[in-house]
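Next come the chains, spelled out residue by residue.
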Amino acid sequence: MLQLDLTSVAVVDIGSNTVRLQVSELKDKSYKVVEEYKESVRLGDEVFNYGRITEPALERLLASLREVRSIVEHWKVDTIRAVATASFRGADNFEEVIDKIRETCGFNVEVISGEDEARFTCIAATANFQLTKYNALVLDIGGGSAEYSFVRKGVLERAVSLELGCNRLTRQYLKGDPPKSSEVQELKDLYREEIKKLNIDDKIDIIICTGGSMGNLATINYIEKKARLDRAVKYVERKYLKRFISDFRNMSVKERIEVEGMEEKRADIILAAAMQVDIVLEHAEREGFYTLSGGLRTGLTIDTVNSMGIELPFQQNLDDIRHSRLIEIGNKFLFEERHARQVCRLCQKLFDSVAEEEKLTSDDWQLLEAAALLHDIGNYISYSKHHRHSQYLIMNSDLIGYDHDEIVLIGNIARYHRKKGPQEKHRYYRGLSSSQKKKVAVLAGILRIADALDRSHRSHVKELEIKSSKKEMNIKVVSGADVSMELRKVDIKKDILEETINKEIVFK
């Protein structure tokens, strides 16, 4: 595989509960996360009690940041950006601590405001959701504060930071183990009072939560319902959230730790975070929320990449995040963008010609579009059997805007763009329903023809003029160049679509 020089970026998030590191490699229009690290240091435990970072807390922090320094050096990182949030904002000795970090670890720490936290988290949400279509609330619940970002059709209208962090409020209100009913009620009343001031209304279409505690809650939910855990975005229904709160308020910390998926160092503070989200859902009249992992770190990475003069594809096309993220994934695996876009364009023409008869919808086009753009990314691993490698990479990438079943279909469509067609012995094809198998055959058949029509990777085909009768589909290839190689290849690869739509396909 071709090795290229890459620029690397590391971002460090020093939170009230946890120190987190994310190392990414940049290539062209995308970045790839290559290393992540987290360590619970619980700075907020001391800061929210004493108003300063104590010596024991500082030692825990420095020990963690030495690990960060070691990882950064291993990856030969070009740019490192470290930020601190509520625990530093609330500590009267934060400047001394920053000096000590610089002296010990060799990098600076910037203390960011709650509003900046909200902005970075909003950037991450914009990269993962089609926010131009929604009125959204992005809620980042940390240990010391909670940041509320109100987004109207893709535009950040206002960002509010409140001292409603789950570590802070657990220490102030939920002191019992398990907490008393009066303590739970007192915290609930506080949430209602503070959240009412935000004027959250029922015009909110989507609620997105970030922060470790809500991410942990979503993981527990997904384990319980045996859903895939490797998605950056998860959805949690309010009815589950209410049951979670009802169960956990009556458990001791020791009992909570026994729950499958529960992170031990979040067991004491997760209830306060869950209660806050429930009150938000109540005010917004929503029946569930999404979680997004790595919100602040993702936003910081994107902001840092932007400061280097690099604009990511999704930022150039906020009206179609799904498409932009597909291009970003393609770039991550060094695809030939010109070829991918040409194949996608030809797929659109062929899809439109058979859609009505085959009862294909716009949702089906989105599957084919993804497969067309990513069909060759398997070359990143090896040209030999690259159709199989493409399927693997697709099914193990975060395809924004597609659910698990759709990603399986996209992987199958891409796999069958070359070599043999679908076979029952193929694992991911075998598990499909009969209607899904038919869909894969039609869409893969279209992709095979479109790929053949750009056999030279030179975009020679300018247009397709398609006329269809009951028994035959006639396709005139419009080009100012010699396309004999393409026509020879397409004659070999048209078989699957011919068999599926039961028509002879004739090229001129």
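Residues numbered from 1 in each chain as written. Predicted model: local features only at pLDDT ≥ 70, side-chain atom pairs only at ≥ 80, totals over all residues. Heavy atoms only, no water.

*Asks:* What is the right way to read the overall build of the protein from this model?
*Replies:* Secondary structure assignment for the protein yields 22 helices and 14 strands. Taken over the C-alpha trace, the protein has a radius of gyration of 26 Å; the compact-globule value for 508 residues is 23 Å, and the two agree within 12%. Projected onto its principal axes, the C-alpha positions of the protein cover 80 × 50 × 40 Å. Here the protein, with 508 residues, has 55% of them falling under the buried criterion. (Helix = DSSP H or I, 4+ residues; strand = E, 2+ residues; numbered from the N terminus. Rg over C-alpha atoms; globule rule 2.2 N^0.38 Å. Buried < 20%, exposed > 50% of the residue type's maximum accessible area, 1.4 Å probe, protein only.)

*Asks:* Quick question: what am I supposed to make of helix H2 (residues 55-74) here?
*Replies:* A turn of α-helix holds 3.6 residues, and therefore any two residues three or four places apart point the same way. With 20 residues, H2 extends 29 Å between its outermost C-alpha atoms, agreeing within 8% with the 28 Å of an ideal straight helix rising 1.5 Å per residue. Looking one or two residues past H2, Lys76 carries a phi angle of roughly 50°, positive in sign. (Expected span 1.5 Å × (residues − 1).)

*Asks:* How should the nonpolar core be read in this particular structure?
*Replies:* Generally speaking, soluble globular proteins have nonpolar side chains that are buried together. Among the nonpolar cores identified, the biggest contains 59 residues, and Cys347, Leu368, Ile413, Ile446 and Leu453 are the most heavily contacted of them. Dropping the residues within four chain positions of it, Leu453 is found in contact with Leu346, Val461, Leu464, Val477, Glu486, Val490 and Phe507. With 48 residues, the next largest nonpolar core counts Leu162, Leu174, Met251 and Leu271 among its residues. (Core = buried A, V, L, I, M, F, W, Y, C linked by side-chain atoms within 4.5 Å. Contact = heavy atoms within 4.5 Å.)

*Asks:* Teacher, can you tell me more about the environment of Gly431 here?
*Replies:* Examined against the element boundaries, Gly431 turns out to sit in the loop between helix H19 (427-430) and helix H20 (434-452). For Gly431, a relative accessible area of 67% gives the class exposed. Sequence separation between Gly431 and Arg338 is 93 residues; the distance between their C-alpha atoms is 33 Å.

*Asks:* Looking at this model, I keep getting lost on unusual backbone geometry. Mind explaining?
*Replies:* Peptide bonds are, in most cases, trans, and in most cases residues other than glycine have a negative phi. A cis amide bond links Asp177 with the next residue in sequence, Pro178, at an omega value of 5°. Of note, Lys76 is a non-glycine position whose phi angle comes to about 50°, a positive value. Within the secondary structure, Lys76 is located in the loop between H2 and strand E4 (79-84).

*Asks:* Just checking my understanding: could you explain the confidence of the model for the protein for this structure?
*Replies:* Counting all residues, the mean pLDDT for the protein is 90, and 97% of those residues have values of 70 or more. Taken as a whole, residues 1-5 scores under 50 in pLDDT and shows three contacts with residues more than four places along the chain or in a different chain. (pLDDT = per-residue confidence, 0-100.)

*Asks:* Looking at this structure, how should I read the packing of aromatic side chains?
*Replies:* The description of an aromatic ring pair rests on the distance of the ring centres and on the angle between the ring planes. Applying the stated criterion to the full structure yields seven aromatic pairs. Centre to centre, the rings of Phe333 and Tyr380 are 5.2 Å apart; their planes meet at 75°, and the pair counts as edge-to-face. One end of the pair, Phe333, is in the loop between helix H14 (321-332) and helix H15 (337-358); the other, Tyr380, is in the loop between helix H16 (362-374) and helix H17 (386-395), and 47 residues separate them in sequence. A relative accessible area of 9% places Phe333 in the buried class. With a centroid separation of 5.6 Å and 55° between ring planes, the pair formed by Phe351 and Trp365 is classed as tilted. Residue Phe351 is found in helix H15, and its partner Trp365 is found in helix H16; the two are separated by 14 residues along the sequence. For Phe351, a relative accessible area of 5% translates into the label buried. Here Trp365 falls in the buried class, since its relative accessible area comes to 14%. For Arg322, the ring lying beneath its charged end belongs to Tyr402, and the centroid distance is 4.8 Å. When the ring centre of Tyr429 is taken as origin, the NZ or CZ atom of Lys437, which lies over that ring, is 5.4 Å away. (Phe/Tyr/Trp six-rings, centres within 6.5 Å; stacked < 30°, edge-to-face > 60°. Lys NZ or Arg CZ within 6 Å of the ring centre and 35° of its normal.)

*Asks:* Any chance you could explain the sheet that holds strand E14 (residues 504-507) here in plain terms?
*Replies:* For sheets, the rule is that strands pair by backbone hydrogen bonds, running either parallel or antiparallel. In space, the three strands of this open sheet follow the order E12-E13-E14, with mixed pairing throughout. For this open sheet the edge positions go to strand E12 (463-468) and E14, each flanked by a neighbour on one side alone. Neighbouring strand axes in the sheet, compared pairwise and without regard to direction, differ in orientation by 20° on average. Relative to strand E13 (residues 472-478), E12 runs antiparallel, the two being bridged by six bridges. When the sheet's bridge partners are listed, Ser468 is paired in E13 with Met473. Against the sheet, H15 contacts E12 and E13, and its axis sits at roughly 15° relative to E12. (Pairing = 2+ DSSP bridges. Axes fitted to C-alpha atoms, helices over the stretch in contact; angles between N-to-C directions.)

*Asks:* Even after reading the chapter, I still don't get helix H1 (residues 43-50), so can you show me in this structure?
*Replies:* Burial analysis of H1 places six of its eight residues in the buried class, the great majority of the element. Within H1 the residues assigned to the buried category are Leu43, Gly44, Asp45, Glu46, Val47 and Phe48. Directly beyond the C-terminal end of H1, a positive phi value near 80° is found at Gly51.

*Asks:* I tried to follow a positive patch on the surface on my own but got confused; where do I start?
*Replies:* Among the surface-exposed residues, Arg338, Arg345, Arg458 and Lys462 lie close enough to one another that they form a single positively charged patch. Inspection of the secondary structure assignment puts Arg458 in the loop between H20 and E12. Judged by its relative accessible area of 54%, Arg458 falls in the exposed class. (Patch = residues over 30% accessible without salt bridge, like charges linked within 9 Å, V, L, I, M, F, W, Y side chains within 5 Å. Areas by Shrake-Rupley, 256 points an atom, 1.4 Å probe, with all protein chains shown as cover. Salt bridge = Lys/Arg side-chain N within 4 Å of Asp/Glu carboxyl O. Lys, Arg positive; Asp, Glu negative; His and termini not counted. Charge placed at Lys NZ, Arg CZ, Asp CG, Glu CD.)

*Asks:* So what exactly am I meant to see when it comes to the environment of Ser149 here?
*Replies:* Within the element layout of this structure, Ser149 appears in strand E7 (residues 146-152). Between the alpha carbons of Ser149 and Ile449 there is a distance of 46 Å; along the sequence they are 300 residues apart. Only 3.2 Å separates the side chain of Ser149 from the backbone oxygen of Ala118, close enough to count as a polar contact. (Polar contact = N/O pair within 3.5 Å; in protein donor to acceptor, adjacent residues only side chain to side chain.)

*Asks:* What's the story with the pattern of salt bridges in this structure? I'm lost.
*Replies:* One side chain can pair with another of opposite charge once the charged atoms of both are near each other. Within this structure, the stated rule accounts for 35 salt bridges. A salt bridge links Glu110 to Arg81, with the shortest nitrogen-to-oxygen separation between them at 3.0 Å. One end of the pair, Glu110, is in strand E5 (residues 109-111); the other, Arg81, is in strand E4, with 29 residues separating them in the sequence. Judged by relative accessible area, which is 17%, Arg81 ranks as buried. Taken together, the shared-partner salt bridges in this structure form one network comprising Arg81, Glu110, Asp116, Arg119 and Asp303.

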